[in-house]
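Structural overview for review
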Amino acid sequence: MNTESQIQPRLLLPVALAALVLWGSSLPWITVRTFSGNERVYNLTDLRGGVAIVMTIALVVLVGGTIGIFKRLTGMTIMSLGVAALGWMAAISGILLTLLWSLIPSINVAGLDLAKATLGQGSGVVITVVASLSLAFMVVRQLEPFKTYAPSTDIPALPFMVLVPLLAIAVCMYSEWLRLGTEGSAVQAQVAGDALYGSGLVVLALWLAVGLWIGALMVNRSIMVSIASGLTVVVSIVVGMYAGFLWAGGRLLDWLVPAKLEKWTAVSIEPQLYVVLVGTVISFVMSIIGLFSKMQNLKITLGARTPGSVRFYYSDVLGAGLILAILVSTVVRVR
Amino acid sequence: MFTGLLTFIAIFGMAVVWILGWMGLSVVVGSFFDLPLRTVSLVGATLGPLGFIVTIMIGVLESRSSGDETSVISVDQQTTSFGFEDPFSI
């Protein structure tokens, strides 16, 4: 049953991805952690004119979605260009602020002296960038000559298996791994993954690995998977060592501190550190497997229908799941 | 109100410059490898630096495959035009 509708992508998943990008703009883009234990988060809507930017992008998505009903690829392209602008805004804002911070450390941002704080990207950046890249990837794989390298309905399974733990690591890199503090006073040190020495380069390599795996979804060639696997192995080892040393150090400190020092009484290892540890193990194992050609040929067919009497397209199920997750998360945040 | 408008223009301007910049770079690389203009423009605009890398990889893969096709055609032409196999052909 290889009909025209099966060859063309379904509209629900692109719309869900565009909605995810717009939703990501309301999540933290920049996190400022002061040494007094406070944490402030900022996103696009905190800026003057930020809401207008999100509304403009939403309008572009709406126009693209409407056109997509009649001309699928044209509509998806308009949606993709709109959300790409938002995705890149998220990425550039983080890069610019981090660069500014590294060059002029005594700068004040929103009334906070950044010399007395650490600056990191928020989870909103990851969601916005990845969702916009995924939509772009859905558009690009319909075009020649990419079409010949990536069939329009079959998607290689291995990149997905590696991308999930890699993205979990990427999200957790921007959050606290370890918290040191005293019970009585407000003095507290939060050790985030992106605040560790040399972690800037590691985060860059991590994002490069994510990009290569997204590229491997698009260009179904073993050389692409091999390059991505090689880089992921290195990144997994380095991030795993960061997390492992910090975990061991925290444990050691927790064991030593109550007896030796009276002021530092609280050493807590945050759950994100465990997520990173598990993520690095999974991504390491999957990347090693990815170096073998047999695993590279495993595929997921998104254009096909689910088995059973009531049949749905896999892409529609994924799109509906994303929209449901956005709705549930919005309700939880509002309450 | 005025500050909001300026922020709007500045941020959109930054995103547009970023998108057009990567699109331009991808078009330059794409035309070097004779890739379709529409495809490379969209790849560069939507995927940014990742699109630039992907364009290079696709360009290399495409030029490899077209190179193979050319060598096959030349051997066929040599055989048919001379009527026998050229002993000096590689």
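So, here's what we can say about the structure. (Residues numbered from 1 in each chain as written. Chains lettered and ligands numbered in written order. Predicted model: local features only at pLDDT ≥ 70, side-chain atom pairs only at ≥ 80, totals over all residues. Heavy atoms only, no water.)

Digging into the overall build of chain A
When helices and strands are tallied, chain A shows twelve helices and ten strands. Looking at chain A as a whole, 49% of its 335 residues are labelled buried. Restricting to contacts in chain A with at least 6 residues of sequence separation, those with at least 24 account for 73%. About 15,800 Å² of surface is accessible on chain A, with carbon and sulfur atoms providing 71% of the total. (Helix = DSSP H or I, 4+ residues; strand = E, 2+ residues; numbered from the N terminus. Buried < 20%, exposed > 50% of the residue type's maximum accessible area, 1.4 Å probe, protein only. Contact = heavy atoms within 4.5 Å. Areas by Shrake-Rupley, 256 points an atom, 1.4 Å probe, with all protein chains shown as cover.)

Topic: the overall build of chain B
Summing up its helical and strand segments, chain B has two helices and zero strands in all. Relative to its full complement of 90 residues, chain B shows a buried share of 32%. Contacts in chain B between residues far apart in sequence, at least 24 positions, make up 49% of those at least 6 positions apart. A total of about 5,600 Å² of accessible surface is found on chain B, and carbon and sulfur atoms cover 73% of it.

Examining the interface of chain A and chain B
Contact with chain A, which involves 36 residues of that partner, is made by 28 residues of chain B. Here chain A meets chain B over a buried area of about 2,900 Å², counting both sides, of which 85% is carbon and sulfur. On the surface where chain A and chain B come into contact, there are zero salt bridges. Seen at the junction of chain A and chain B, the total is zero residue pairs in polar contact (both at pLDDT 80 or more). When contributions to the side of chain A that touches chain B are tallied by element, the ones reaching two or more residues are helix H3 (50-70), helix H4 (72-103), helix H5 (123-140), helix H6 (146-149), helix H8 (199-218) and helix H9 (222-260) of chain A. Tallying contributions element by element places H4 of chain A first for the side of chain A that touches chain B, with nine residues. Taken together, the residues that form the side of chain A that touches chain B break down as 27 nonpolar, six polar and three charged. (Buried area = accessible area lost by both parts, 1.4 Å probe. Salt bridge = Lys/Arg side-chain N within 4 Å of Asp/Glu carboxyl O. Polar contact = N/O pair within 3.5 Å; in protein donor to acceptor, adjacent residues only side chain to side chain. Nonpolar A, V, L, I, M, F, W, Y, C, P; charged D, E, K, R; others polar.)

Structural notes on the packing of aromatic side chains
Enumeration according to the criterion identifies five aromatic pairs over all chains in this entry. Pairing Trp88 of chain A with Trp18 of chain B gives two aromatic rings, centres 5.4 Å apart and planes at 40°, and the pair type is tilted. In this pair, Trp88 of chain A is assigned in helix H4 and Trp18 of chain B in helix H1 (residues 2-32), connecting two distinct chains. The exposure class assigned to Trp88 of chain A is buried, which follows from its relative accessible area of 9%. With a relative accessible area of 24%, Trp18 of chain B lands in the partly exposed category. With centroids separated by 5.8 Å and ring planes inclined at 55°, the aromatic side chains of Trp22 of chain B and Phe52 of chain B adopt a geometry described as tilted. You can see Trp22 of chain B sitting in helix H1 and its partner Phe52 of chain B sitting in helix H2 (residues 37-82), a full 30 residues away along the chain. Exposure remark for Phe52 of chain B: the relative accessible area of 21% places this residue in the partly exposed category. Three or more aromatic residues link up through ring pairs in this structure, and these residues are Trp88 of chain A together with Trp18, Trp22 and Phe52 of chain B. (Phe/Tyr/Trp six-rings, centres within 6.5 Å; stacked < 30°, edge-to-face > 60°.)

Considering the packing of helix H2 (residues 12-24) of chain A against H5 of chain A
Residues and elements named next belong to chain A. Running from N to C, H2 and H5 cross one another at 155°; their axes reach a closest spacing of 8 Å. Regarding the angle of H2 to H5, the classification is roughly antiparallel. The chirality of how H2 crosses H5 is left-handed. Residues Leu13, Pro14, Leu17, Ala18, Leu20, Val21, Trp23 and Gly24 of H2 touch H5, and the partners they reach there are Gly124, Ile127, Thr128, Ala131, Ser132, Ser134, Leu135 and Met138. Split into classes, the residues belonging to the contact of H2 with H5 amount to eleven nonpolar, five polar and no charged. (Axes fitted to C-alpha atoms, helices over the stretch in contact; angles between N-to-C directions. Parallel < 35°, antiparallel > 145°, perpendicular 65-115°, else oblique. Left-handed = near helix turned anticlockwise from the far one by under 90°.)

Observations regarding H2 of chain A
Residues and elements named next belong to chain A. With 13 residues, H2 extends 18 Å between its outermost C-alpha atoms, agreeing within 8% with the 18 Å of an ideal straight helix rising 1.5 Å per residue. Counting buried residues in H2 gives ten out of 13 residues, a clear majority hidden from the surface. Taken together, the buried positions of H2 are Leu13, Pro14, Ala16, Leu17, Ala18, Leu20, Val21, Leu22, Trp23 and Gly24. (Expected span 1.5 Å × (residues − 1).)

Looking at H1 of chain B
Each α-helix winds once per 3.6 residues, and so residues spaced three or four apart point in a common direction. Residue and element names in this part refer to chain B. Here H1 contains 31 residues, and its C-alpha end-to-end distance of 45 Å stays within 8% of the 45 Å for a straight helix at 1.5 Å per residue. Every buried residue belonging to H1 is among Gly4, Thr7, Ile11, Phe12, Ala15, Ile19, Ser26, Val29 and Gly30, and all of these are buried. Positive phi appears at Asp34, one or two residues downstream of H1, with a value of about 60°.

Topic: the environment of Thr128 of chain A
Residue and element names in this part refer to chain A. Take Thr128: it is sitting in helix H5. Under the relative-accessibility criterion, Thr128 is labelled buried at 0%. Each C-alpha atom, one on Thr128 and one on Trp29, is 9.4 Å from the other, the two residues being 99 residues apart in sequence. With residues up to four places along the chain from it excluded, the contact list for Thr128 reads Val21, Gly24, Ser25, Trp29, Leu86, Gly87 and Ala90.

Notes on the pattern of salt bridges
Residue and element names in this part refer to chain A. Under the defined criterion, the tally for this structure stands at one salt bridge over all chains. Between Asp316 and Arg10 there is a salt bridge, with the nearest N and O atoms lying 2.9 Å from each other. Of this pair, Asp316 sits in helix H12 (residues 314-334) while Arg10 sits in the loop between helix H1 (4-7) and H2, placing them 306 residues apart in sequence. On the basis of relative accessible area, Asp316 is assigned to the buried category, the value being 14%.

A look at the nonpolar core
One broad trend across soluble globular proteins is that nonpolar side chains are buried collectively. All names here are of chain A. Counting residues in hydrophobic clusters, the biggest one holds 94 residues, and the most contacted among them are Leu86, Met89, Trp177 and Trp213. The element contributing the most residues to this core is H5, with twelve residues. Sequence-distant contacts of Leu86, defined by excluding residues within four places in its chain, comprise Val21, Leu22, Ser25, Trp29, Leu44, Ile53, Ile57 and Thr128. (Core = buried A, V, L, I, M, F, W, Y, C linked by side-chain atoms within 4.5 Å.)

So, the packing of H5 of chain A against helix H7 (residues 157-173) of chain A
Residue and element names in this part refer to chain A. At a closest axis distance of 8 Å, the pairing of H5 and H7 adopts a crossing angle of 145°. Considering only the axes of H5 and H7, their crossing is right-handed. For the pair H5 and H7, the contacting residues are Ser123, Val126 and Val130 in the first and Leu167, Ala170 and Val171 in the second. Of the residues assigned to the contact of H5 with H7, the class counts are five nonpolar, one polar and no charged.

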